[in-house]
Amino acid sequence: MPDLVTGDERLRWHGYSYSIDLSGGILTDYESDELDQVTTRIGEPYAVYVSCQSMEAARAFLRDVLPGLDGLVDTNHYEILQAGDFLTLVDRHPDWDWRRQPSTDLE
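Trainee: Where do I start with unusual backbone geometry in this structure?
Mentor: Unlike most non-glycine residues, N76 shows phi in positive territory, near 65°. Among the secondary structure elements, N76 is positioned in the loop between β4 (72–74) and β5 (80–82). Positive phi is not limited to glycine here, since Y78 has a value of about 75°. Take Y78: its relative accessible area is 86%, and that puts it in the exposed class.

Here you go:
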């Protein structure tokens with residue numbers, strides 16, 4: 001159902017609430033060199049922006065959405081990772097907060 005304020009889709013799932021923007025408008029937030037990096041890795045990007053209330057909500061969503069996804073995950077904290085690699089890290093490090101710790105610091 002669309003959010004009345006933002007116009008984004010609102011999803012309530014497993015006790016969590018998510019705002020999902022499928023417009024691709026998030027791409028305007030990227031610098032041209034970032035878009036070049038993404039385009040080089042996967043071709044023309046199709047962007048989906050998901051916002052949620054907590055890391056637990058993010059993990060729950062990503063664990064169900066990412067398996068089998070061929071694409072990239074932008075942590076919004078200076079890392080753009082292959083979806084499969086990102087999910088592997090989330091599974092190996094269940095308490096990992098990608099907002100505070102880069103994946104390269106994980107053992």
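Trainee: Even after reading the chapter, I still don't get the pairing of strand β1 (residues 9–13), so can you show me in this structure?
Mentor: Remark: a regular strand shows side chains that alternate across the two faces of the sheet. Judged from the 5 bridges that link them, β1 and strand β2 (residues 16–21) form a sheet pairing that is antiparallel. Each residue of the ladder has a partner; that of R10, found in β2, is S19. The turn joining β1 and β2, which pair antiparallel and follow one another in sequence, is formed by 2 residues; a positive phi near 50° is taken by H14.

Trainee: Quick question: what am I supposed to make of the pattern of salt bridges here?
Mentor: Pairs can form between side chains of opposite charge once their charged atoms are near each other. Across all of its chains, the model carries 3 salt bridges by this definition. We note a salt bridge from R63 to D91, for which the minimum N-O separation is 3.2 Å. Separated by 28 residues along the polypeptide, R63 in helix α2 (residues 55–65) and D91 in helix α3 (residues 83–92) bring together distant segments of the chain. Judged by its relative accessible area of 47%, D91 is partly exposed. Its salt-bridge partner being D97, residue R99 comes within 2.7 Å of it at the nearest N-O pair. Classification of R99 by relative accessible area gives partly exposed; the value is 39%. Several salt bridges converge on common partners, so that one network encompasses D97, R99 and R100.

Trainee: So what exactly am I meant to see when it comes to the side chain of D97 here?
Mentor: Looking at the secondary structure, you find D97 in the segment after α3. Within the structure, the side chain of D97 is placed 2.7 Å from the side chain of R99, a separation counted as a polar contact. With near-sequence residues (within four places) excluded, D97 lies in contact with M55 and R59.

About the criteria used
- Each residue is numbered by its place in its chain's sequence as written, counting from 1.
- Residue-level local features of this predicted model are given only where pLDDT is at least 70; pairs of side-chain atoms are given and counted only at 80 or more, and the full residue set underlies all totals for whole chains, interfaces and linings.
- Excluding hydrogens and water, the side-chain figures rest on all heavy atoms present in the structure.
- Only runs of H or I of at least four residues qualify as helices and only runs of E of at least two qualify as strands under DSSP, and these elements are numbered from the N terminus.
- Burial status follows relative accessibility: with a 1.4 Å probe on protein chains alone, a residue under 20% of its type maximum counts as buried, one over 50% as exposed, and anything between as partly exposed.
- A strand pair is defined by DSSP finding two or more bridges across the two strands.
- For this document, the term salt bridge refers to a Lys or Arg side-chain nitrogen within 4 Å of an Asp or Glu carboxyl oxygen.
- Polar contact is the term for a pair of N or O atoms within 3.5 Å; when the atoms are in protein, one must be able to donate a hydrogen and the other to accept it, and sequence-neighboring residues count only if both atoms are side-chain atoms.
- By definition, residues are in contact when any of their heavy atoms lie within 4.5 Å.

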